[in-house]
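In case you want the letters, here they are:
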Amino acid sequence: GAGVSQSPRYKVAKRGQDVALRCDPISGHVSLFWYQQALGQGPEFLTYFQNEAQLDKSGLPSDRFFAERPEGSVSTLKIQRTQQEDSAVYLCASSPGQGGYGYTFGSGTRLTVV
Amino acid sequence: AQSVTQLDSHVSVSEGTPVLLRCNYSSSYSPSLFWYVQHPNKGLQLLLKYTSAATLVKGINGFEAEFKKSETSFHLTKPSAHMSDAAEYFCVVSETGRGNKLVFGAGTILRVKS
């Protein structure tokens with residue numbers, strides 16, 4: 001596709017439920033990033049992939065958060081045993097090079113934990 | 001670590017009047033700086049970026065920003081606001097290291113009155 005595609009667009013989860021958020025980057029983009037944007041705040045870095053390698057996961061808030069990109073294209077962010085504080089918009093971005101320049105962001109997945 | 005401070009959480013202007021959104025950055029060396037715009041329920045869109053070339057950077061939709069190292073500022077301006085400019089604006093610094101991940105400010109909500 002022409003842009004970064006994220007699905008689902010909206011997700012409501014009951015507390016304790018596991019969720020999986022999908023990101024389809026622009027074809028051929030080497031770098032892929034996940035960000036978390038809480039209500040009223042700027043996005044915060046979660047994790048970074050270069051091809052299939054997860055080079056930085058320093059922003060993942062707890063061990064309930066897990067991300068993968070097994071074939072170097074589609075990525076999945078998984079949250080286990082969701083908590084209310086996990087409610088946020090999860091943004092995915094990709095870029096063609098090994099750095100963060102030329103990012104394209106997806107529209108995000110809005111996760112609401114009830 | 002790099003950081004950005006957006007000095008106003010909300011700015012309100014009348015249509016046709018100038019826009020000024022203020023941003024100060026903290027960095028131990030010459031940073032890469034960006035402004036992104038986020039319309040409601042839309043993805044983040046890059047307005048402009050500074051990467052150590054010209055200090056006055058022109059972006060899309062008539063926006064521009066000036067990098068002032070002595071003041072550690074990167075304010076966003078537009079000569080004449082349009083109703084369609086109403087959105088949230090993020091000042092962003094690129095953090096060196098793996099992937100050049102982005103560090104976002106808290107955002108400034110721009111309201112344009114008719």
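I will try to describe carefully the structure that is included in this document. (Residues numbered from 1 in each chain as written. Chains lettered and ligands numbered in written order. Predicted model: local features only at pLDDT ≥ 70, side-chain atom pairs only at ≥ 80, totals over all residues. Heavy atoms only, no water.)

### So, the nonpolar core
All names here are of chain B. The test is simple: Grouping buried Ala, Val, Leu, Ile, Met, Phe, Trp, Tyr and Cys residues that are joined through side-chain atoms within 4.5 Å yields what is termed a nonpolar core. Think of it in three bands: with a 1.4 Å probe and only protein chains considered, a residue is buried below 20% of the maximum accessible area for its type, exposed above 50%, and partly exposed in between. Strands are runs of DSSP state E lasting at least two residues, helices are runs of H or I lasting at least four, and both sets are numbered from the N terminus onward. Here, two residues are considered to be in contact whenever any of their heavy atoms come within 4.5 Å of each other.
Trp-35, Leu-48, Phe-74, Leu-76 and Tyr-89 are the most contacted members of the largest nonpolar core, which has 26 residues in total. Ranked by residues supplied to this core, first place goes to strand S10 (residues 87-94) with four residues. What Tyr-89 contacts, discounting residues up to four positions off in sequence, is Gln-6, Leu-21, Trp-35, Tyr-36, Val-37, Leu-47, Phe-63, Leu-76, Gly-107, Thr-108 and Leu-110.

### Examining the pairing of strand S9 (residues 73-78) of chain B
Residue and element names in this part refer to chain B. Spelled out, the test is: Two strands make a pair as long as DSSP finds a minimum of two bridges between them.
Pairing of strand S3 (residues 19-21) with S9, which is carried by three bridges, proceeds in the antiparallel orientation. By the bridge assignment, Leu-21 is partnered in S9 with Leu-76. Direction of pairing for strand S8 (residues 64-68) relative to S9: antiparallel, over a ladder of five bridges. Among the inter-strand pairings, Ala-65 is bridged to a residue of S9, identified as Leu-76.

### Section: the pattern of salt bridges
Opposite charge on two side chains permits them to pair, given that their charged atoms come into close proximity. All names here are of chain A. For the record, the criterion: Any carboxyl oxygen of Asp or Glu within 4 Å of a side-chain nitrogen of Lys or Arg constitutes a salt bridge here.
Tallying each qualifying case throughout the model produces seven salt bridges over all chains. For the salt bridge of Asp-86 with Arg-64, the shortest nitrogen-to-oxygen distance reads 2.8 Å. With Asp-86 in the loop between strand S8 (75-79) and strand S9 (88-95) and Arg-64 in the loop between strand S6 (53-56) and strand S7 (65-68), the pair connects residues that are 22 residues apart, well separated along the chain. The pair Asp-86 / Arg-64 is uniform in exposure class, with both members buried. Here Glu-68 ties to Lys-78 by a salt bridge, and the two come within 3.4 Å at their closest N and O atoms. Within this pair, whereas Glu-68 is found in strand S7, its partner Lys-78 is found in strand S8, the two being separated by ten residues in sequence. Judged by relative accessible area, Glu-68 falls into the partly exposed class, the value being 27%. Judged by its relative accessible area of 32%, Lys-78 falls in the partly exposed class.

### Observations concerning the state of the cysteines
Residues and elements named next belong to chain B. Keep this limit in mind: In this description, a disulfide is simply a cysteine sulfur pair whose atoms lie within 2.5 Å.
On inspection of all chains with the given rule, the structure shows two disulfides over all chains. Between Cys-23 and Cys-91 runs a disulfide, and the two sulfur atoms are separated by 2.0 Å. Measuring the twist about the S-S bond at about -65 degrees, one finds the Cys-23-Cys-91 disulfide to be left-handed. You can see Cys-23 sitting in strand S4 (residues 23-26) and its partner Cys-91 sitting in strand S10, a full 68 residues away along the chain.

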